[in-house]
Every structure is written in C-alpha cells, then in structure tokens.
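Breakdown of the fold
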Amino acid sequence: MIVKDWTLYYEGQEPVACQAPCTLYSVLYESGRIPDPFYGLNDQRLTALADKDCAFEAQVEADEALLSRQYVELTFQGLDTICRISLNGVTLDRVKNMHRAYTYDVKELLRPGKNTLRLEFASPTRYFAERHAKHYLYTNDGDTIPGAAHLRKALYQSGWDWGPALPDMGIYRPVTLEGYDVDRIGDVAVRQHHREDGSVEVEVSVAGKRGADTVCYASMDGKRVELTGGTGRIVVENPRLWWVRGYGEQNLYDLEIEMTAGGRVIDRCRKEIGLRTLTVSTAKDPDGGGSEFCFVNNGVKIFSMGANYIPQDNLLSRVTPERLDEMMVQCLDGNFNTLRVWGGGYYPDDYFFQLCDRNGILVWLDFMVACANVYMTEEFERECAAEAEGVLKRLHHHASLGLWCGNNEMEMFVDERCWVTKPSEVRDYLLMYERIIPQTLQQYDPDTFYWPASPSSGGSFDAPNDPDRGDVHYWKVWHGNRPFSEYRKYYFRYISEFGFQAFPCQKTIESFTDDKDDWNIFSYIMEKHQRNYGANGKIMSYMQQAYRYPTDFRKLLYASQLLQADGIRYGVEHFRRNRGRCMGAVYWQLNDCWPVISWSSIDYHGRWKALHAYAKRFFAPILIS
C-alpha cells in the first residue's frame with residue numbers, strides 16, 4: 001500500500017489536503033496559499049517559510065488482511081529532512097538525512113481501522129543557524145545559507161550561483177505500508193565475472209529480511225539456479241554485451257529473484273542487468289609525462305560527450321517520470337553518451353538510471369557533497385556511512401553506472417587552503433573521501449571505479465586539477481574572463497566542467513516577469529534571476545568582443561545563446577581533435593532547477609538554447625573541425 005493522501009499543517013495556515021510526493025512549498029503554492037516561488041522576487045520573500053516547522057499527517061487504514069500478516073513494515077523512501085516519525089502517537093524515529101530510506105516494524109502499533117501517521121518536520125534553517133554558531137563550515141559562501149553543510153540535505157536547495165534558496169521540507173519519495181509472512185527479499189547484490197572465453201558468470205547474493213528458513217532462486221537468460229546459502233551463479237555462454245551509446249547495442253537481461261518457503265513463492269523481485277565491463281583507465285604515459293583518464297567499456301576506450309546534470313526542480317515533487325523521459329530524449333537528441341550527476345543535489349530516482357541503462361548513457365555519479373567542508377563527528381560519520389551503504393545497494397547493479405566520485409571540487413580547494421579555516425577540516429576531508437566512502441564501496445560495490453573528487457589526479461592532494469592527469473574543471477574562460485581561444489592552450493585528459501552563460505528565450509523570461517520594463521538584462525528582477533552576480537555584464541563584455549551589439553531585447557537574448565554555443569563548440573572541437581590524450585568533454589550544465597540565467601543548454605521549461613542545437617553537431621559521431 002502506498003500512502004498517498006496527506007494533510008499539511010503549517011503555522012498560520014489552514015490545514016491543506018495533499019497527495020505524496022508533497023513538500024511544504026509545493027503544497028502551499030498549489031493550494032493558492034503562496035504565490036509562485038519562481039516568479040519575480042518571490043523566492044527571496046519565501047525563503048523564510050523554512051524558518052518554521054511543519055507536519056504532514058495521514059490516516060492509514062489497517063484492515064483484517066493486513067493485521068493478519070506476520071510482519072508489517074512502514075517504509076519511507078525519501079524524507080526531507082529533519083523529521084520526527086510517529087504512528088498513533090508513538091515515536092518511531094527522529095531522522096535527519098534526506099539521502100537515506102527508513103523502514104520500521106509497526107505491526108504491534110497498528111489497530112483495526114484508522115491509524116494516524118504523523119511526520120513532524122523541523123526547520124532546516126534554524127538547524128543551520130544553530131550548528132553554524134557552534135562550528136563554522138565553509139558552505140559555498142555567498143550563495144548558500146551558512147551552516148547548510150551540517151545537514152545531509154541537498155545543498156542546492158539552500159541557494160547556489162544558479163539556484164534560489166528554498167530549503168524545502170516534506171515527502172519527496174513514496175511512503176509504503178506492507179505486510180508479509182515468513183520473510184521477504186531484502187538486499188540483492190549482483191557481480192559479474194567476465195571470463196577469457198567470452199562467457200560471463202553472474203554472481204547473485206540475496207539476503208532475507210528475517211533470516212527465516214527459505215530457499216531463493218535466480219533466473220536469467222533462460223536458466224534458473226538455487227541460491228545455496230543465499231548465493232548462486234548463472235553462466236551466460238554467449239552474452240549480448242551492453243555498450244555505451246555509439247559503441248554498440250544496449251542489451252539488457254531480466255534477472256528475476258524468487259523467495260520460496262514450503263515450496264510456495266512468497267516474494268519476487270526483478271532487475272535489468274547489462275553484461276559489460278566498465279572501468280576507468282589511469283595508465284601512465286610511456287614517456288612518464290602523465291597518465292590517461294578514460295572510461296573503458298568492454299575493453300574499448302570511450303570518449304565521453306555530454307553535460308553535468310543538476311536536480312530538475314527546487315520543488316522535488318515536480319520531478320516526475322514524464323520530465324525524466326523528456327530529459328532523456330533531449331540528451332539523445334544532443335548526441336550525449338555521458339551525464340555527470342553533480343554532488344550538490346540528491347541521488348536520482350531508480351527510473352533515471354533505468355533510462356540511462358536503456359539508452360547507453362554512461363553515468364558519473366558524485367556522492368552528495370559539493371563546495372562544502374564536512375565536520376566529522378561520530379554521529380555524522382555514522383550518517384555518511386549508512387547513506388553510502390544504502391545508495392550503493394540501491395544502484396550498484398545498473399549497467400550505466402561507470403564511476404562513483406567522492407565530491408565536487410573539495411580536494412582542489414582544501415589543497416589550496418582557500419576554503420579551510422582549521423587543520424581538522426583537512427583531516428575530516430581525508431576521513432570522509434579516502435577512508436569512509438572507499439571502505440563502504442569495497443564492501444557493497446567493489447566493481448565500480450572510485451574517484452575521490454572532481455577534479456582530482458587520484459587523491460591525497462596530489463596536484464588536483466593537473467592537466468596531465470585525472471579530470472579537470474576549467475573556468476578561466478568565463479570566471480577568469482579569458483577569451484574562447486584560451487581553450488586551445490590546454491590539452492586536458494578529461495574535462496568534467498567548463499561552461500559559459502546565456503539568457504533563456506523570451507517566453508521563459510515572461511514566466512517570471514510580466515512588466516515590459518523588466519525586459520532589460522540589468523533590471524532588478526533580471527539581475528535577481530542571475531545568481532552568479534555580475535554575470536549579465538560579463539555576457540555583454542564577451543559579446544562586444546565578438547558581435548555588434550543587438551538592437552533590441554529579443555535579439556540580445558538570442559545573440560547571447562549564439563555566443564554561448566560558439567564558445568562551448570570552440571572548446572569541444574579542440575578537445576575532440578586531441579582525442580587519445582583527451583578522452584572526455586562534459587560541459588556545465590545541461591539543465592536548470594528554476595527559470596534563471598545560467599550555463600544551461602536547456603532552460604527550466606525544457607526549451608533549448610542554441611548550445612543544445614550546437615551540441616547535436618559538435619557531439620555527432622563524425623565531426624569535421
């Protein structure tokens with residue numbers, strides 16, 4: 001049973017009926033209690049809503065059939081973030097990590113008929129302020145609410161240089177109540193062993209939730225095996241391999257697991273498996289001048305072409321399967337074969353990875369830390385380890401998952417000490433990304449390549465952002481005001497971030513303005529929908545170097561898009577011309593989380609900027625340059 005029907009309780013507002021997924025901002029807006037958070041200057045006025053607590057309450061029906069079950073479990077796939085969970089007035093837990101799922105045995109608390117499930121969310125901004133007063137942590141200062149790094153909550157919700165500060169609260173993934181007898185399937189671990197004769201041995205390990213006396217079976221490729229001691233192996237003699245898009249077919253197999261007791265099937269689950277080898281080569285150059293950084297799929301070196309993916313909305317209840325479908329079509333239309341999931345958001349839904357599996361989009365997946373230090377208390381260490389364990393178990397089997405990355409940009413900036421205020425932050429960095437995460441990976445996903453940071457040359461502060469090793473972020477074009485020709489001075493191994501801004505189209509600007517007086521790039525509202533402060537002027541500075549000034553607002557918007565497209569094209573063509581040394585060009589950024597002026601190639605409403613049309617050409621399989 002999915003618990004869909006809820007009521008929001010928020011100070012100063014009448015209770016509001018809503019359906020999950022549901023969050024504070026989305027429910028208040030959809031019920032007409034607040035204006036559109038993305039319109040005009042509303043985001044700044046509405047940040048303060050997060051200063052108060054709220055609660056979501058549901059009446060859950062427990063019938064005789066459910067109560068007759070041996071076990072009844074209540075599961076929360078995504079709670080954002082500080083929450084007291086209670087059932088019929090009894091506290092089940094107090095949680096504060098939106099990146100984890102939580103399951104509770106509740107049979108003894110249920111009664112026939114209606115049962116009151118209540119989720120009391122505490123203000124994240126008060127938590128930020130309290131922790132920040134006790135222990136300062138650098139948290140993308142100037143763009144993000146101070147103290148946000150103390151909480152395992154998506155950092156971008158508290159503001160970024162492309163996003164508003166709307167630190168939401170609520171239920172962003174399903175809540176389920178399920179009963180069963182004897183036992184049910186818990187964790188399923190899948191490993192592949194590719195043999196020299198070309199066959200593949202698929203090793204499947206299943207753990208029951210209750211440790212009952214059950215027998216499990218795994219079926220794949222027309223074979224069915226019993227899992228002795230919870231583990232079994234299926235050999236695929238002539239495998240149809242899974243390939244990154246552009247290198248072969250995206251063949252997938254159905255892996256079905258059955259749990260039986262007394263000769264009767266009591267639980268089933270199904271996973272799509274792609275048989276492939278996928279890793280990263282960091283082999284040293286024969287002349288000792290550096291080392292490559294290159295994805296290798298089934299022994300073939302892949303040139304990564306794509307963009308950085310950020311969350312598709314600040315209000316997570318709006319990220320639907322339909323929007324993910326649309327995003328995937330746009331990636332395919334742009335001739336992408338790679339997406340980097342940036343670490344300041346949240347771990348995408350399973351459906352995101354299914355789409356990448358089915359379409360051959362290689363995924364670089366950051367752990368969810370970006371531009372922020374960590375404060376490694378015992379409690380925080382336990383949270384991070386449990387978070388990593390949960391997400392590794394959930395995602396490790398996906399064919400598209402090519403790399404786990406520890407964080408975004410922190411090795412580089414801790415190494416430079418520009419974001420460090422005390423020596424303990426250096427120690428905590430090493431604990432997090434070179435002990436806790438690698439150890440958890442070794443236990444739950446030993447086959448996926450781990451990279452400690454982006455950019456990095458391999459960790460331990462060994463010259464991160466070195467153009468001769470590892471991946472780089474290159475921002476001298478744009479942040480450094482260098483011309484596009486600067487790209488040709490560098491011969492990077494893999495460039496995982498580089499970008500240039502452009503305005504969205506007129507129709508998107510009209511979605512957050514209604515006064516023609518605002519249709520000026522230096523109007524107050526236009527500047528406030530530009531979170532990289534001073535950047536509207538920067539676009540104009542670059543434009544005067546390349547074009548005559550446009551004569552009206554619409555032409556200016558379009559000219560900025562042509563400028564952005566030409567700049568990224570210039571860089572990508574240079575990197576592709578040096579294929580062999582350079583093996584990846586992943587630009588910043590694919591999408592937006594609200595209507596804004598940014599580096600994206602597709603705006604919040606799904607409208608292409610010129611850059612995305614150019615990507616279709618400069619990421620084409622064959623490029624003349």
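This is a predicted model, so every value here is computed, not measured.

**Thoughts on the overall build of the chain**
Within the chain, the secondary structure is distributed over 14 helices and 32 strands. Computed over C-alpha atoms, the radius of gyration of the chain comes to 25 Å, within 12% of the 25 Å expected from 2.2 N^0.38 for 625 residues, which places it in the range of a compact globule. Seen along its three principal axes, the alpha-carbon backbone of the chain occupies a region of about 80 × 70 × 45 Å. Split into buried and exposed, the 625 residues of the chain put 60% on the buried side. A fraction of 69% describes how many contacts in the chain between residues 6 or more apart in sequence connect residues 24 or more apart. Summed over its atoms, the accessible surface of the chain is roughly 24300 Å², and 47% of this surface lies on carbon and sulfur atoms.

**Some thoughts on helix α6 (residues 350–359)**
Burial in α6 covers these residues: Phe352, Phe353, Leu355, Cys356 and Asp357. Buried residues along α6 sit against β25 (304–309), α5 (321–333), β26 (338–341), β27 (362–366) and α7 (378–395).

**What about the packing of helix α13 (residues 553–577) against helix α14 (residues 610–618)?**
Direction vectors running N to C along α13 and α14 enclose 25°, while the axes themselves pass 8 Å from each other. Our classification of the angle between α13 and α14 gives roughly parallel. Remark: the crossing between α13 and α14 carries right-handed chirality. Two secondary-structure elements touch here, α13 through Gln561, Leu562, Gln564, Ala565, Asp566, Ile568, Arg569, Val572 and Arg576 and α14 through Ala610, Leu611, Tyr614 and Phe618. Counted by class, the contact of α13 with α14 contains eight nonpolar, two polar and three charged residues.

**A word on the packing of aromatic side chains**
In the structure shown here, the tally under the stated rule is 45 aromatic pairs. With a centroid separation of 6.2 Å and an interplanar angle of 65°, the aromatic rings of Phe76 and Tyr104 are classed as edge-to-face. You can see Phe76 sitting in strand β5 (residues 71–76) and its partner Tyr104 sitting in strand β9 (residues 102–105), a full 28 residues away along the chain. According to the relative accessible area criterion, Phe76 is buried, its value standing at 0%. The buried category is assigned to Tyr104, whose relative accessible area is 11%.

**Points about the sheet that holds strand β13 (residues 170–171)**
As summarised here, the arrangement of the three strands in space is β3-β13-β6, forming an open sheet in which the pairing is antiparallel. Edge strands, defined here as strands with exactly one partner in the open sheet, are β3 (22–23) and β6 (79–80). Relative to β13, β6 runs antiparallel, the two sharing two bridges. Bridge pairing in β13 places Asp80 opposite Gly170.

**Section: the state of the cysteines**
Counted according to the given criterion, the structure contains zero disulfides. The structure places no disulfide on Cys216, whose sulfur is separated from the nearest cysteine sulfur, that of Cys269, by 8.9 Å. Given a relative accessible area of 7%, Cys216 falls into the buried group.

**Some points on the side chain of Ser317**
If you trace the backbone, Ser317 turns up in the loop between β25 and α5. Note on Ser317: relative accessible area 14%, which makes it buried. In this view, Ser317 contacts Pro21, Cys22, Thr23 and Ser26; residues no more than four positions away in its chain are not counted.

**A short note on the nonpolar core**
By size, the foremost hydrophobic cluster in this structure holds 171 residues, and its most contacted members are Trp6 and Trp404. Counting residues per element, this core draws most heavily on α13, at nine residues. Beyond its immediate stretch of four places on either side in the chain, Trp404 contacts Tyr347, Leu365, Phe367, Val391, Leu392, Leu395, Leu441, Asp445, Thr448, Phe449, Tyr450 and Trp451. By size, the runner-up hydrophobic cluster in this structure holds 22 residues, among which are Val202, Leu227, Leu255 and Leu275.

**Looking at helix α9 (residues 423–444)**
Compared with the 32 Å implied by 1.5 Å per residue over 22 residues, the 31 Å span of α9 between its first and last C-alpha is a close match. Its maximal kink placed at Met432, α9 deviates by approximately 30°. Of the residues making up α9, those classed as buried are Glu425, Val426, Asp428, Tyr429, Met432, Tyr433, Ile436, Ile437, Thr440 and Leu441.

**Section: the sheet that holds strand β17 (residues 215–220)**
If you trace the four strands from one edge of the open sheet to the other, you get β18-β17-β20-β21, paired in antiparallel fashion. Here the strands that pair on one side only, and so sit at the sheet edges, are β18 (223–227) and β21 (264–273). On average, each strand axis in the sheet is inclined to that of its neighbour by 20°, with strand direction left out of account.

Calculation rules
Residues numbered from 1 in each chain as written. Predicted model: local features only at pLDDT ≥ 70, side-chain atom pairs only at ≥ 80, totals over all residues. Heavy atoms only, no water. Helix = DSSP H or I, 4+ residues; strand = E, 2+ residues; numbered from the N terminus. Rg over C-alpha atoms; globule rule 2.2 N^0.38 Å. Buried < 20%, exposed > 50% of the residue type's maximum accessible area, 1.4 Å probe, protein only. Contact = heavy atoms within 4.5 Å. Areas by Shrake-Rupley, 256 points an atom, 1.4 Å probe, with all protein chains shown as cover. Axes fitted to C-alpha atoms, helices over the stretch in contact; angles between N-to-C directions. Parallel < 35°, antiparallel > 145°, perpendicular 65-115°, else oblique. Left-handed = near helix turned anticlockwise from the far one by under 90°. Nonpolar A, V, L, I, M, F, W, Y, C, P; charged D, E, K, R; others polar. Phe/Tyr/Trp six-rings, centres within 6.5 Å; stacked < 30°, edge-to-face > 60°. Pairing = 2+ DSSP bridges. Disulfide = S-S within 2.5 Å. Core = buried A, V, L, I, M, F, W, Y, C linked by side-chain atoms within 4.5 Å. Expected span 1.5 Å × (residues − 1). Bend = angle between axes of the 7 residues up to and from the residue.

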